[in-house]
Structures are given as C-alpha cells and as structure tokens.
Amino acid sequence: MSSEILENLDVCVNKIVLIKLKNHTTIRGTLQTFDQHMNMLLTKVEDITEEKPKNLEKIILRGDNILIVSIPKE
Amino acid sequence: MSSEILENLDVCVNKIVLIKLKNHTTIRGTLQTFDQHMNMLLTKVEDITEEKPKNLEKIILRGDNILIVSIPKE
Amino acid sequence: MSSEILENLDVCVNKIVLIKLKNHTTIRGTLQTFDQHMNMLLTKVEDITEEKPKNLEKIILRGDNILIVSIPKE
Amino acid sequence: MSSEILENLDVCVNKIVLIKLKNHTTIRGTLQTFDQHMNMLLTKVEDITEEKPKNLEKIILRGDNILIVSIPKE
Amino acid sequence: MSSEILENLDVCVNKIVLIKLKNHTTIRGTLQTFDQHMNMLLTKVEDITEEKPKNLEKIILRGDNILIVSIPKE
Amino acid sequence: MSSEILENLDVCVNKIVLIKLKNHTTIRGTLQTFDQHMNMLLTKVEDITEEKPKNLEKIILRGDNILIVSIPKE
Amino acid sequence: MSSEILENLDVCVNKIVLIKLKNHTTIRGTLQTFDQHMNMLLTKVEDITEEKPKNLEKIILRGDNILIVSIPKE
C-alpha cells in the first residue's frame, strides 16, 4: 500500500490530463498543481464532453467531483 | 503536491470569477474573500445559467456546492 | 484567504436574508444567530419559492442544506 | 457567531415542534431531548405530510435527515 | 441538550422496534445492541414495506441508512 | 450501547452472509474478513439480485455501500 | 476484525482487477498501487461497461467511486 498515491500525479504536472467527473462531464487541461483533496489548478482547460469543445481556460477543480484522472504516457 | 491549492484563489480577490455549481447553475461575481472550505463571499453576483442574467448582488456561497472556479487571466 | 468567512454573516444579524437551499427552495427571514456549520436561527421566515409566500415563523435551518445566502446591502 | 446554535432548541423541550425533512416529509411532535447532531427524541409524533396524519408515537429521528425545525412561539 | 441521545435506545434493547429507512423501506425487529453510529444488531427482522412481510431474520443494519426509529411504549 | 457492534460480524467469518446494498443489489458470499468501515473481503460471491445468479468470485466490498448484512443462524 | 482489510489488495498489485463503480461503470486494469482511501493507480485500463471496451490507458481512480473490487485467483 502506498502512503500517498497522489504523488503519482506529480509526473502529470505541466502535462495534459483528461479528467472524467462524477457528473458525466469530461475535461482536458494542463495540470499546474494539486492538493491532498485532489483539488487541482488546471490551465488551457476544455470541456470535451460533447463533440465541440468548450473553452474553460484556467480553473480550480474541486477534487470531490473527480471520478478518474487519465495520466499521459511518459 | 501543493500544500494549499486554494492560495491560487488569492489572485482572484477583487476580480470577477465564474463559478459552475454541482446543481448545473453558473454564477459570476467579484470574489471578496474565501476560506479553506471554498466558502466564498462574492459581490455583484449574477446567475448566468440562462440567457437573461438574474441579479443576486452580495452572497455567501457554501463551498461544497462548487464544481469549478474559472480564474480570470492576469 | 480568510480564517473564517462566516464572520461576514455577523453584519446580517437582525437583518433580512434570502437563502437558496439545495432542494430548490428559497426562504427569506431575519437572521438571529448562526454557528460554524451555517446552522441558522431565523425569525419571520417565509418560504418564497412559489408566488404566494408560506409562513414558517421561527425556525432552525440546518446549514448543510444551504446553497447561497444573499446578504442585504448595508 | 453563536458557539452553539442548538441551545436554541432548549426552549423547545416539552413543546410541540414541526420538522421538515430532506425527503419532503413533515412531522410534528413533542421534543423530549436532542444532541449535537440534531438527533431528537420526540413523543406524540405525527407524520403530517399528507392531509390525514399518520401516528408515529415515540421516535428517535436521525438529525442528518432534517431540513428545518419550526420553533413554537414562547 | 443531551450528551448522548442514543442512550434512549437502551430501553429498546430486547424490544421490538420499527425502523424507517432513507430508501423508503420499513423494517421491524428485536433490537439486540447498537453503537454510536446507530449501527444495530436486530433479530426476528421483517421487511414490512409491502403488505406481505419478508423475513430477514438476524441482521446488522448500517446506521447511516436510518430515518426514524419508533420506540415501543414502556 | 455496544462499544463495537461490528464484533458481531466475527461470528460470520467463514460463513455465508447475504448483503443488501444501497444500490438495490443483493450479493451472497463467504465472509473472510472485515474492518471498522465494514469493508469486507468475501469469497464465492454471487450477485443474486436477479433470478439467475452472477458469479463474482472473490471481492473487496466497500462498506459505505452496505444497507443490511444478514447474519446466518449459528 | 482485520485492522486493515485493504492489505488484501496487496496480492493484486501487478495483477488485473475488475472494478465495479457506484455509477454502474465497470473497468478492468492492472493495479499498480493504492492508498488507504482505496484511491488506485491502474494501467492498461479498459471501460468494459458496454460490449466494446473503451481504452483508458493509465488512470488514477478516486476510491470513493468504488462499489466492488474483484480480486483475481492466485
């Protein structure tokens, strides 16, 4: 058991992550930083739930909304 | 990992933020202050979920309702 | 970041506040006191969700039901 | 800010309170005692959601179900 | 304010209680023991939601599912 | 009041338990071990919600999904 | 009672697990690591809810979304 699985998010900093939310929304953006609640600061964010992406620019995402974070290949 | 991602909200104080709530409402207002639960004091608030904005003036928003906070460009 | 945003509710004591609840109800009443969970004691309360207000008189509102508290202008 | 708003429930002990629950039920009964979670012991309880009251007699109500407690006039 | 309202459940031990759950189920059984989360051990349990009771025998009920516990008259 | 009602699950270890979940699923399996959150390790598990059981083999069940655990007769 | 049931997940590291989520999604992937909240790092992940699997590659799954983790036979 890992003491802190979120350390795996460290490799995602400055990279593009894809995040599926509990409310069936999918967003994509560049991870700037995060905290132990999975709250995230993201830039260049797009809501890609529907075919035409919606620009969200720079956001803070509350971690309790997150279902899955897809991590880019290194 | 950041010890406190909410410090990123500090740059938003006195600026206009756009907040998407879990209940599919979107509000826009000037951030006055906030706490560690993401509770926020906002002024000049408008509910912009529908085409015609509704004026909410000065509000306290409970942080547990928040999905995403859009941060204005500096 | 404020250590306690709820102190902003202090200016509302003895004033009329409008409260939107998570269950889509809106109530209006005079704030008497509140605690750190946003539990509130309110008097002269009306449920104004529908056109014809319903009188609720004096109530304790559990804070976890609150979406937004509209603060009256000073 | 009050250190403990629930002390306001003390004046309701041995009086009839009306309680709206999150599940849209309304009950009415005599408050016997309560704790810091708003768990309540009530007697002579009636479910008055529908026109014809249903007798619930003596109950313990879990506080996390509560929306609003209407406090009787002194 | 009571320091521990659940002590009122002590008088129910070895008696038949009727429990309404948040999911609209009603069960009836003999309370054997309980803990501070309202988790309960019950015997001779019946699901009496519908007209024809369903036998559940001996169960542990997670307390977070409970709406109301009806206490038998002494 | 019991200090730890879950000790009653000790008698179920190596026995077949029937578990009703909050999501209206019912599963049946042999309890191997459990913790204080009611997380359970179960073997020979079947989803018996519908008439034809579905084999789930060996699972970890998150305790927060549990409604009721039926305890076998000794 | 086990002090830490999640230790049973240790045998799953580097193995393929099948995870049923509360939102009725089923995913399958290789468990890399996990923490005490059941947050998991998984690789070679597929969403197998529908007949045609969708490739999710490498993900972090928030543990609070989990219903059941199926453990492979040793």
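As the structure is a prediction and not an experimental result, all values here were calculated from the model.

**Points about the pairing of strand β3 (residues 40–47) of chain E**
All names here are of chain E.
Okay, so step 1: The element β3 is largely enclosed, with a buried count of six among its eight residues.
Okay, so step 2: Pairing between strand β2 (residues 26–34) and β3: six bridges, direction antiparallel. By the bridge assignment, Phe 34 is partnered in β3 with Met 40.
Okay, so step 3: In textbook terms, the turn of a hairpin is the stretch between consecutive antiparallel strands, and for β2 and β3 this stretch comprises five residues, one of which, Met 38, has a positive phi near 70°.
Okay, so step 4: Across six bridges, the pairing between β3 and strand β4 (residues 54–61) is antiparallel.

**Considerations on the relation of the copies chain A and chain G**
Okay, so step 1: Superposing chain A onto chain G takes a rotation of 51° combined with a translation of 0.0 Å along the rotation axis, leaving an RMSD of 0.0 Å.
Okay, so step 2: A distinct binding surface is used by each copy, with only 10% of the interface residues of chain A retained as interface residues in chain G.

**Some details on the pattern of salt bridges**
Okay, so step 1: Applying the stated criterion across every chain, the model contains 21 salt bridges over all chains.
Okay, so step 2: Across the pair Asp64(G) and Lys22(A) runs a salt bridge whose closest N-O atoms are separated by 2.8 Å. Residue Asp64(G) is found in the loop between β4 (54–61) and β5 (66–71), and its partner Lys22(A) is found in the loop between β1 (16–21) and β2 (26–34); the two belong to separate chains.
Okay, so step 3: For Arg62(A), the salt bridge identified is with Asp64(A), shortest N-O distance 3.4 Å.
Okay, so step 4: Here the salt bridges share partners, and the residues they tie into one network are Lys22(A), Arg62(G) and Asp64(G).

**Considering the side chain of Arg62(A)**
Okay, so step 1: You can see Arg62(A) is positioned in the loop between β4 (54–61) and β5 (66–71).
Okay, so step 2: A polar atom in the side chain of Arg62(A) sits 3.2 Å from the backbone oxygen of His37(B).
Okay, so step 3: A distance of 2.9 Å separates a polar side-chain atom of Arg62(A) from the backbone oxygen of Gly63(B).
Okay, so step 4: Not counting residues within four places of it along the chain, the set of residues in contact with Arg62(A) comprises Asn39(A), Lys22(B), His37(B), Met38(B), Gly63(B), Asp64(B), Ile66(B) and Leu67(B).

**What to know about the interface of chain A and chain G**
Okay, so step 1: Tallying the contact residues gives 21 residues for chain A and 21 residues for chain G.
Okay, so step 2: Of the roughly 1,900 Å² buried between chain A and chain G on both sides combined, carbon and sulfur atoms contribute 62%.
Okay, so step 3: Remark: the boundary between chain A and chain G carries one salt bridge.
Okay, so step 4: At the surface where chain A touches chain G, the tally comes to eight residue pairs in polar contact (both at pLDDT 80 or more).
Okay, so step 5: By residue number, the principal contributor to the side of chain A that touches chain G is β5(A), which donates six residues.
Okay, so step 6: Inspection of the sheet shows β5(A) paired to β4(G) by four bridges, in the antiparallel sense. Following the sheet pairing, Ile71(A) is matched in β4(G) by Lys58(G).

Calculation notes
- Residues numbered from 1 in each chain as written.
- Chains lettered and ligands numbered in written order.
- Predicted model: local features only at pLDDT ≥ 70, side-chain atom pairs only at ≥ 80, totals over all residues.
- Heavy atoms only, no water.
- Buried < 20%, exposed > 50% of the residue type's maximum accessible area, 1.4 Å probe, protein only.
- Helix = DSSP H or I, 4+ residues; strand = E, 2+ residues; numbered from the N terminus.
- Pairing = 2+ DSSP bridges.
- Least-squares fit on C-alpha atoms with pLDDT ≥ 70 in both.
- Contact = heavy atoms within 4.5 Å.
- Salt bridge = Lys/Arg side-chain N within 4 Å of Asp/Glu carboxyl O.
- Polar contact = N/O pair within 3.5 Å; in protein donor to acceptor, adjacent residues only side chain to side chain.
- Buried area = accessible area lost by both parts, 1.4 Å probe.

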